[in-house]
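# Secondary and tertiary structure notes
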Amino acid sequence: MPESGYLLINLGTPASPEVADVRRYLNEFLMDPYVVSLPWPLRRMLVSGLILPFRPKRSSHAYRQIWSDRGSPLLFHSEDLSAALATALDAPVELAMRYGDPSIRSALDRLLAAGSEEIVVVPLYPQYADSTVTTSLQAVADCEVNVPVRIVPPFYQHPAFIQALHTVTAPLLDAPWDHILFSFHGLPEEHLKRADPTGSHCLAADDCCEVPSPCHATCYRHQARATASALANALGIKHTDYTVSFQSRLGRMPWLQPYTDQVLAALPERGIKRLVVACPAFVADNLETLEEIGLQGRETFLAAGGESFRLVPCLNAHPAWVEGLKNILTDQKVVANSLTSS
């Protein structure tokens, strides 16, 4: 058996909360055609003319709310996971960010220097999306390493992932609660349709996610709902006791609904005063979980009449997730059926 090196990839973070660093990060992120799917000239005009003159300052303020002595939470939680997983696997593990540092190229170089005879790429995105999984894998392919590369597929309902989510979520249900909100990162509807290999299933009907289809392998909404359903079952929660919503929309195009901010504002009107919120699209806490939900979302819910708001932490480097990810990477069924060589 070849000696494996493991490449963990997360999305990325600015080097600091300073406006210049945030602008640099947003430019790299938004100029990715997998993120903003416009022809390059139009994408450049949109990003440079309408987004970068205004958004970096607002985002800089948001990042300052969550920045710590260790820096960006997304980065240091991912670094902690990488270090703990290396010990658990007794193998080289490197962390890379799709945008920003550490770069995918530098992480691959370190794995090769450590003697890795094959690279196992682990996109840290539980559900599939072109704007996360595909762009990360394309960036790996662009590096053209001269050893076999295998890919870990989305693990949105792998039992080890669901069990880890259960471990971090269950303690927050010990106190009285009325409802659980599973808030996933949003996507433009156009992204789902573009990823639909049938060209006719996604969003064609209200129940498309429940009707079996080959497109579910690349359907973010189906996979998000499957994660929520599996976690609810593990927690013993009835379907009526939770809601799935989508956050972080940008621009005026239609995004996946319902929108998290609107759901948070409406729940107290339904008599839901004690809310628990989990964000199972993220394995590490970041701007979207800590600031958008933990600060803005809390304020929205309480201002609408809510009384109790509890945010479930992401898996981060929790021992249950370290063990869970190890189990995913050593699951022979996953390796045999889902990993492919490049």
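Our structure is the block above this text.
Below: a short report on this structure. Everything quoted here is computed from the prediction, not taken from an experiment. (Residues numbered from 1 in each chain as written. Predicted model: local features only at pLDDT ≥ 70, side-chain atom pairs only at ≥ 80, totals over all residues. Heavy atoms only, no water.)

## Some words on the nonpolar core
Condition: Here, nonpolar core means buried Ala, Val, Leu, Ile, Met, Phe, Trp, Tyr and Cys residues that are tied together by side-chain atoms lying within 4.5 Å of each other. Accessibility here uses a 1.4 Å probe with only protein chains present; expressed as a share of the type maximum, an area under 20% marks a residue as buried, one over 50% as exposed, and anything in between as partly exposed. Working rule for contacts: check all heavy atoms of both residues, and any pair within 4.5 Å makes them a contact.
In terms of nonpolar packing, the biggest core is built from 71 residues, with Phe161, Phe182, Phe184, Tyr220, Leu275 and Trp321 touching the most fellow members. Beyond its immediate stretch of four places on either side in the chain, phenylalanine 182 contacts Ala228, Leu231, Tyr242, Thr243, Val244, Ser245, Ala278 and Pro280. Judged by nonpolar contacts, the second largest core, of 20 residues, contains Ala96, Tyr125, Val133 and Cys143.

## A closer look at the sheet that holds strand β6 (residues 242–247)
As a reminder, the rule being used: Any two strands with at least two DSSP bridges between them are considered paired. Under the scheme used here, helices are H or I runs from DSSP no shorter than 4 residues and strands are E runs no shorter than 2 residues, and both carry numbers assigned from the N terminus. Axes, fitted as lines to C-alpha atoms, cover a helix only where it is in contact. Angles between the N-to-C directions of the axes lie from 0 to 180 degrees.
An order of β6-β5-β7-β8 is seen for the four strands of this open sheet, with the pairing classed as parallel. In this open sheet, the two edge strands, each paired with only one partner strand, are β6 and β8 (308–311). This sheet shows a mean twist of 25 degrees between the axes of neighbouring strands, independent of strand direction. Docked against the sheet, helix α11 (residues 287–303) engages β5 (179–185), β6, β7 (274–278) and β8, running at close to 170 degrees with respect to β8.

## Concerning the environment of alanine 88
Note on placement: alanine 88 falls in helix α4 (residues 73–89). Taking the relative accessible area as the measure of exposure, alanine 88 reaches 27% and is therefore partly exposed. For the pair alanine 88 and serine 68, spaced 20 residues apart in the sequence, the C-alpha separation amounts to 27 Å. If we skip the residues at most four places from it in the chain, alanine 88 touches Val322 and Lys326.

## Looking at unusual backbone geometry
Residue proline 102 follows aspartate 101 across a cis peptide bond; omega there is -5 degrees. The topology assignment puts proline 102 in the loop between β2 (93–99) and α5 (104–113). The phi angle at aspartate 90 is positive, at roughly 50 degrees, despite the residue not being glycine. Checked against the element boundaries, aspartate 90 lands in the loop between α4 and β2.

## Notes on the pairing of β8
The condition is simple: If you view a crossover with the strands going away from you and the path from the first strand over the helix to the second runs clockwise, you call it right-handed.
Neither face of β8 is open: one carries Ser308 and Arg310, the other Phe309 and Leu311, and all of them are buried. Sheet topology note: the β7/β8 ladder contains four bridges and is parallel. Among the inter-strand pairings, valine 276 is bridged to a residue of β8, identified as arginine 310. Once you follow β7 into α11 and on to β8, the crossover reads as right-handed.

## What about the side chain of histidine 191?
Within the element layout of this structure, histidine 191 appears in helix α8 (residues 189–195). Relative accessible area serves as the criterion here: at 7%, histidine 191 is assigned to the buried category. Setting aside anything within four residues of it in sequence, one finds histidine 191 in contact with Tyr34, Val35, Ser37 and Ser131.

## Some details on the packing of aromatic side chains
Cut-off, in case you're wondering: Within 6.5 Å between ring centres, the rings of Phe, Tyr and Trp (the latter by its six-membered ring) count as paired, and their orientation is classed by plane angle as stacked under 30 degrees, edge-to-face over 60, tilted in between. By definition here, charges over rings are those cases where NZ of Lys or CZ of Arg is within 6 Å of the ring centre and within 35 degrees of the ring normal.
Tallied over the entire structure, the rule returns 11 aromatic pairs. Relative to tryptophan 67, the ring of tyrosine 63 lies with its centre 6.0 Å away and its plane at 75 degrees, an arrangement referred to as edge-to-face. Plain terms: the ring middles of phenylalanine 155 and phenylalanine 161 are 5.2 Å apart, the flat faces sit at 75 degrees to each other, and that makes the pair edge-to-face. Judged by relative accessible area, phenylalanine 155 falls into the buried class, the value being 3%. We classify phenylalanine 161 as buried; its relative accessible area is 1%. It is arginine 249 that lies over the ring of tyrosine 259; its NZ or CZ is 3.9 Å from the centre.

## Remarks on a nonpolar patch on the surface
Here is the rule we go by: Only residues whose relative accessible area exceeds 30% and that form no salt bridge enter a patch; like-charged residues are grouped when within 9 Å of one another, and nonpolar side chains (Val, Leu, Ile, Met, Phe, Trp, Tyr) when within 5 Å. Accessible surface area values rest on a Shrake-Rupley calculation with a 1.4 Å probe, where residue burial reflects the displayed protein chains alone. Basic side-chain nitrogens of Lys or Arg form a salt bridge, by our definition, when they fall within 4 Å of a carboxyl oxygen of Asp or Glu.
Together, Leu38, Leu42 and Met45 make up an exposed nonpolar region whose accessible area comes to about 290 Å². With respect to the helices, strands and loops of the structure, methionine 45 is situated in helix α2 (residues 40–51).

## Digging into the side chain of serine 213
Relative to the helices and strands, serine 213 is located in the loop between α8 and α9 (220–235). Using a relative accessible area of 16% as the deciding quantity, one classes serine 213 as buried. Setting aside residues up to four positions removed in sequence, serine 213 forms contacts with Thr198 and His201.

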